[in-house]
Amino acid sequence: MSTPSLTLAVPSKGRLEELTREWFAENGLTITRPGGARSYLGAIDGVPDVTVRFFPASEIARELIRGAIDLGVTGLDLIHETSETGPAAVQTLKPLGFGGADVVVAVPEAWIDVTHMHDLADVASDFRSRHGRWMRIATKYITITRQHFAAAGIAEYRTVESLGATEAAPASGVADIVVDITTTGSTLAANGLRVLEDGVMLKSQACLFAARKPDWSAEKAALMESFLTRLGLSAAR
């Protein structure tokens, strides 16, 4: 029988990797990357039964939801966006206090009568009769947009997937409004956009998540509990 172990995935580069490693270090666990910046394999000093993997944040969200890894640090927005069932597939163990940003609905400043989602619903309903097409929303948050707009009773729109500067889409004529992520709103404002007063769809930050795995062995569950206890946390099973 193989010895049980845990897999922890952390962001592979940039400020998010740095802050994640700092957070673990502040909690007495030093993450190392013996193979250097190009290596995807790491470890925690003094904790041989936890394997560290360095993945892009979006991949961490996907692998947590699939149950392919046990623990991971990624953004709450990515958990919600990766799958409609994403939030139910993971347990949020700890918001980490960094990587904060809001997923918001923003409209052109010129739409002075559109201040709330119910105003946007009115615009969407008669957009086709006025302009001969549906209202277009530029976003990389397709899943979050679909869920939020459905909850607001808005169905008459189409999404335009954005892979670049989403906030520039209305000015360039690619879309009419945007769903984007922002920390201060300054970039949106610089592009002539304004967040609706009730337009914050999700307040996101980096969190430590655990995959929900009902088939865990008693040994592995005990290993998880021991590891989380070192962090002052616990997992609901």
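Refer to the structure presented above.
Thresholds, definitions, all that
- Residues numbered from 1 in each chain as written.
- Predicted model: local features only at pLDDT ≥ 70, side-chain atom pairs only at ≥ 80, totals over all residues.
- Heavy atoms only, no water.
- Pairing = 2+ DSSP bridges.
- Helix = DSSP H or I, 4+ residues; strand = E, 2+ residues; numbered from the N terminus.
- Contact = heavy atoms within 4.5 Å.
- Axes fitted to C-alpha atoms, helices over the stretch in contact; angles between N-to-C directions.
- Buried < 20%, exposed > 50% of the residue type's maximum accessible area, 1.4 Å probe, protein only.
- Polar contact = N/O pair within 3.5 Å; in protein donor to acceptor, adjacent residues only side chain to side chain.
- Phe/Tyr/Trp six-rings, centres within 6.5 Å; stacked < 30°, edge-to-face > 60°.
- Salt bridge = Lys/Arg side-chain N within 4 Å of Asp/Glu carboxyl O.

Peer 1: What is the right way to look at the sheet that holds strand β3 (residues 41-44) in this model?
Peer 2: Note on sheets: strands pair through backbone hydrogen bonds, and any given pair is parallel or antiparallel. Pairing is mixed across the open sheet formed by 7 strands, whose spatial order is β2-β3-β4-β1-β5-β12-β6. Strand pairing shows two members of the sheet lacking a second neighbour, β2 (31-32) and β6 (90-95), which therefore form its edges. Direction of pairing for strand β1 (residues 6-11) relative to strand β5 (residues 71-75): parallel, over a ladder of 2 bridges. Within the sheet, the bridge partner assigned to Ala 9 lies in β5 and is Gly 72. In the packing of helix α2 (residues 57-66) onto the sheet, contacts are made with β1, β4 (50-55), β5, β6 and β12 (206-211), and the angle to β5 comes to roughly 130°.

Peer 1: Is there a simple way to think about the side chain of Lys 213 in this case?
Peer 2: Topologically, Lys 213 is positioned in the loop between β12 and α9 (218-230). Since its relative accessible area comes to 15%, Lys 213 is described here as buried. Within the structure, Lys 213 has its side chain in polar contact with the backbone oxygen of Gly 67 (distance 2.9 Å). Within the structure, the side chain of Lys 213 is placed 2.7 Å from the side chain of Asp 70, a separation counted as a polar contact.

Peer 1: Hey, could you run me through the packing of aromatic side chains in this one?
Peer 2: Ring pairs (aromatic) are described by centroid distance and by the angle formed between their planes. Counted under the stated rule, the structure contains 2 aromatic pairs. Ring geometry for Trp 23 versus Phe 24: centroids 5.0 Å apart, planes at 90°, classification edge-to-face. With a relative accessible area of 10%, Trp 23 lands in the buried category. Taking the relative accessible area as the measure of exposure, Phe 24 reaches 0% and is therefore buried. The interplanar angle of 55° and the centroid separation of 5.2 Å between the aromatic rings of Phe 149 and Tyr 157 together place this pair among those described as tilted.

Peer 1: Please clarify how the environment of Gly 28 should be interpreted in this entry.
Peer 2: Locating Gly 28 in the fold gives a position in the loop between α1 (14-26) and β2. Each C-alpha atom of the pair Gly 28 and Leu 231 lies 8.0 Å from the other, and the pair is 203 residues apart in sequence.

Peer 1: Quick question: what am I supposed to make of the environment of Leu 228 here?
Peer 2: Its location among the elements puts Leu 228 in helix α9. Judged by relative accessible area, Leu 228 falls into the buried class, the value being 0%.

Peer 1: Explain the pattern of salt bridges to me, please; I cannot follow it from the model alone.
Peer 2: Under the definition given, this model contains 13 salt bridges. Measuring nitrogen to oxygen at the nearest pair gives 2.6 Å for the salt bridge that ties Glu 18 to Arg 15. Of this pair, Glu 18 and Arg 15 are both found in helix α1, 3 residues apart, which corresponds to roughly one turn of the helix. Between Asp 176 and Arg 133 there is a salt bridge, and its shortest N-O distance comes to 2.8 Å.

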